[in-house]
Amino acid sequence: MSISIAQASGFIEELLGVIEDVYWECTALDTKNLCFNTVRLLQTELTELTKISVQDHHYEYEIIAYQDNTVIDTLSQLDHMLRDAVLRTQTQNHLKPLMQQAMDVFSRP
């Protein structure tokens, strides 16, 4: 999936918000640790995107801060771990499509 830098920034912010909700809703320490790691990873990526000139935000997005597989592997682990976690219905409904979209956004064509 090809998206612009501006779209990627918005998507990462939305994904961060939901993963932060998951962090507070989960009771398992392993899940909290993985959520924290994922939040740090995404925040680092978002910080790098803010360094890009606004005039360049229409260009196609590529991961800057990490190798592609780092983000994909972390999100895959989180997705797998959350299958057994009890989350609020609202959080589950918001998270599922974002995780699917994240696999497209963070994978290279």
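As a reminder, the structure under discussion sits directly above these lines.
An account of the accompanying structure is given in this report. Keep in mind that what you see is a predicted model, and the values were worked out from it rather than measured.

Parameters at a glance
- Sequence order sets the numbering: in each chain, residues are counted from 1 along the sequence as written.
- Under the rules for a predicted model, residues below a pLDDT of 70 receive no local features and side-chain atom pairs below 80 are neither given nor counted, while totals for whole chains, interfaces and linings still include all residues.
- With hydrogens and water stripped out, all remaining heavy atoms of the structure feed into the side-chain values.
- The helix and strand labels rest on DSSP assignments: H or I over at least four residues marks a helix, E over at least two residues marks a strand, and numbering proceeds from the N terminus.
- Throughout, radius of gyration means the C-alpha value; the globule benchmark is 2.2 Å times the number of residues raised to the power 0.38.
- For each residue, the accessible area found with a 1.4 Å probe, counting protein chains only, is set against the maximum for its type, and the residue is called buried under 20%, exposed over 50%, and partly exposed in between.
- For this analysis, residues touch if any pair of their heavy atoms sits within 4.5 Å.
- Note on areas: Shrake-Rupley with a 1.4 Å probe; residue coverage comes only from the protein chains shown.
- Under this rule, positive means Lys or Arg and negative means Asp or Glu; His and the chain ends count for nothing.
- The atoms used to mark charge sites are NZ of Lys, CZ of Arg, CG of Asp and CD of Glu.

1. Brief notes about the overall build of the chain
- The secondary structure content of the chain amounts to 4 helices and 0 strands.
- Reading the helices (α) and strands (β) of the chain from amino to carboxyl end gives α-α-α-α.
- Since a compact globule built from 109 residues should have a radius of gyration of about 13 Å, the 14 Å found for the chain is in line with a globular shape.
- Along the first, second and third principal axes, the C-alpha atoms of the chain reach 45 × 25 × 20 Å.
- Evaluated residue by residue, the chain yields a buried proportion of 39% over its 109 residues.
- Contacts spanning at least 24 positions in sequence make up 76% of the contacts within the chain whose residues lie at least 6 apart.
- For the chain, the exposed area adds up to about 6,600 Å²; of that, 50% sits on carbon and sulfur atoms.
- Averaging the coordinates of the 7 positive side-chain charges in the chain and doing the same for the 16 negative ones gives two points 6 Å apart.

2. A few points about the environment of Ile 3
- Checked against the element boundaries, Ile 3 lands in the segment before α1 (5–25).
- Residue class for Ile 3 comes out buried when judged on its relative accessible area of 10%.
- A sequence separation of 102 residues divides Ile 3 from Val 105, and the C-alpha atoms of the two residues are 7.2 Å apart.
- Other than its neighbours up to four places away in sequence, Ile 3 contacts Ala 8, Tyr 59, Glu 60, Tyr 61 and Val 105.

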